[in-house]
Amino acid sequence: MTDKTTIRELRERVAALEAELARRRDRGGDELDYRLAVENANEAVVVSQDGRFRYVNAKAVLISGYSRQELLERPFLDFVHPDDQAQVVRQRAYPPDRRHAARPFTLRLVARDGRVRWLECQSIRIFWRERTAVLSFLSDVTVRQQAQDRIRSLSQQLIRAQEKERQSISCYLHDRVAQDLSSLLLTAKTLLGDEPHVGDATRDKVDRMCGVLRQCIDAVRNLAYDLRPPVMEQLGLAPAIYQYCEDFSRETGICVDFTSAGMEALDLAAETEINLYRLVQEALNNIRKHSGASQVAVKLIASSPNILLRIEDNGKGFDVEEQLIHALENKRMGLGGMVERVSLLKGRLRIESRLNQGTRIFAEVPIG
Ligand SMILES: Nc1ncnc2c1ncn2[C@@H]1O[C@H](COP(=O)(O)OP(=O)(O)OP(=O)(O)O)[C@@H](O)[C@H]1O
Ligand SMILES: [Mg+2]
């Protein structure tokens, strides 16, 4: 090897080392930028490991009102609202993988001043100091949550007011209008009596009048019945749903199999009865309008401390999430109304549906 080649090789190695150094410097610069970005992010960013925060950014400090030191020292569950702690533990028991973030969920944080902040949390598994940890991004959605709560409370008030109104209109139609029409019919029937001088034409007219009155009475009674089924007040929820399923089946030709168990002994609140009844009404109407189903199964079961209602069809199914998200813009109220009614009863509603595999609706509400 000549001196010239040695010098050239040495130069090349120096150039390669300089390039590597520059690359590392750049990477160091990137890391610094990431830290700056995270520290100044408009979301709270935290890293947790072994039940404690290992890192919290400035926004986490701001939202919580605690100092960085306080946040790092205590178990992070101390900062979570007691009712949400189980959910947070559950989410952590199945840490998301490293490539995909977990589904976001909402949790309540109790700030230093005792006020509750709603945070939407999205997490991903990372390595922190060579061990598994969870990196979470938390957006403060308190204002949005409060607005949703207000809307929810208003729509529940609306449902209550609507039911009260329906009940009073139903009573009025049944007890006053239908009664008055009935006595009018009686008068009309006996109007001519055995009057010998009344001609056939007049008798025909009175007969036609009686026919119209009879139709009127039926229509008013049906309206009163639809507004508030009297069977429910007299016999209770299960017979009222049974009756509704029978009528539905007769009118639509769709076979409805209704079963109930353990309902006889219960003394349900009127609000529970009417809302479960409306749930069945809406579900069956949806089946008639949208599903193309030929078979429906309705089950109503008392399973202390809850009542379980299940409505299942063998129709064409639909994308539940999509329908719920776009309900307002599509001006569809049915599914949303079901959700509100069940939440008004402090219960839970689950809708499962698959294309061409039918739809199942499960409602679970406390008995009393
Ligand atoms: N059992 C079902 N089978 C198939 N599709 C359904 C079923 N129930 C609901 N859907 C679909 O979900 C949509 C939303 O239902 P929703 O009850 O909210 O509205 P709607 O019945 O169209 O209108 P509204 O109830 O306000 O009169 C329906 O338009 C339909 O596409
Ligand atoms: Mg509907």
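Conventions adopted
- Residues numbered from 1 in each chain as written.
- Chains lettered and ligands numbered in written order.
- Predicted model: local features only at pLDDT ≥ 70, side-chain atom pairs only at ≥ 80, totals over all residues.
- Heavy atoms only, no water.
- Donors = N, O, S within 2.8 Å, 3.2 Å for Na, K, Ca; no water.
- Helix = DSSP H or I, 4+ residues; strand = E, 2+ residues; numbered from the N terminus.
- Buried < 20%, exposed > 50% of the residue type's maximum accessible area, 1.4 Å probe, protein only.
- 1 Å grid on protein atoms, 1.4 Å probe; cavity = no way out; pocket = protein on both sides within 12 Å on 5 of 7 lines; lining within 4 Å.
- Points joined across faces, edges and corners; volume = space filled by probe spheres on them.
- Nonpolar A, V, L, I, M, F, W, Y, C, P; charged D, E, K, R; others polar.
- Phe/Tyr/Trp six-rings, centres within 6.5 Å; stacked < 30°, edge-to-face > 60°.
- Near = heavy atom within 4 Å.
- Polar contact = N/O pair within 3.5 Å; in protein donor to acceptor, adjacent residues only side chain to side chain.
- Areas by Shrake-Rupley, 256 points an atom, 1.4 Å probe, with all protein chains shown as cover.
- Pairing = 2+ DSSP bridges.

Student: Pulling in residues and values, what's your account of the coordination of the magnesium ion (ligand 2)?
Tutor: Around the magnesium ion (ligand 2), the protein contributes the donor atoms E282 (OE) and N286 (OD1), which lie 2.0 to 2.1 Å from the metal centre. Taken together, the positions of E282 and N286, both in helix α9 (residues 270-291) and four residues apart, correspond to about one turn of that helix. Classification of E282 by relative accessible area gives partly exposed; the value is 21%. With a relative accessible area of 16%, N286 lands in the buried category.

Student: Which residues make up the layout of surface pockets, and what values do they have?
Tutor: In this structure, the largest pocket occupies an estimated 1,600 Å³ of space. Lining the largest pocket are 31 residues; nearest its centre among them are R152, S155, G336, V339 and E340. Counting residues per element, the ones that place at least two in the lining of the largest pocket are α5 (142-191), α9, α10 (320-325) and α11 (334-344). Broken down by element, the lining of the largest pocket gets its largest block of residues, 11 residues, from α5. Class assignment of the residues belonging to the lining of the largest pocket gives a composition of 12 nonpolar, 10 polar and nine charged. Its volume calculated, the second largest pocket comes out at about 490 Å³. Around the second largest pocket sit 23 residues that line it, and N286, H290, F318, Q323 and L335 are the ones nearest its centre.

Student: Account for the packing of aromatic side chains, naming residues and giving values.
Tutor: In this description, an aromatic ring pair is defined by two values, namely the gap between the centres and the angle between the planes. According to the stated counting rule, one finds six aromatic pairs in the structure shown. For the pair Y55 and W128, a centre-to-centre distance of 6.4 Å together with 35° between the ring planes defines the contact as tilted. Of this pair, Y55 sits in strand β2 (residues 52-56) while W128 is found in strand β4 (residues 116-128), placing the two residues 73 residues apart along the sequence. For the pair formed by Y55 and W128, the shared burial category is buried. Taking 6.4 Å as the distance between ring centres and 45° as the angle between the ring planes, the aromatic pair formed by Y242 and F258 counts as tilted. Placement of the pair is Y242 in helix α8 (residues 237-252) and F258 in strand β6 (residues 255-261), with a sequence separation of 16 residues. According to the relative accessible area criterion, Y242 is partly exposed, its value standing at 43%.

Student: So what's going on with the site of ligand 1? Residues and values would help.
Tutor: Lining the immediate surroundings of ligand 1 are 15 residues, of which N286, H290, R332, M333 and L335 lie closest. One of the side-chain nitrogen or oxygen atoms of E282 is found 2.9 Å away from an oxygen atom of ligand 1. In this structure, D313 approaches ligand 1 through a side-chain N or O atom, which is 3.1 Å from a nitrogen atom. The fraction of the free accessible surface of ligand 1 (600 Å²) that becomes covered by protein chains is 84%.

Student: Give a detailed account of the pairing of strand β3 (residues 105-110), specifying residues and quantitative values.
Tutor: When β3 meets β4, the two strands line up antiparallel, connected through six bridges. By the bridge assignment, V110 is partnered in β4 with V116. Between β3 and the antiparallel strand that follows it, β4, lie five residues; G114 among them carries a positive phi value of about 90°.

By themselves these figures say nothing about function.
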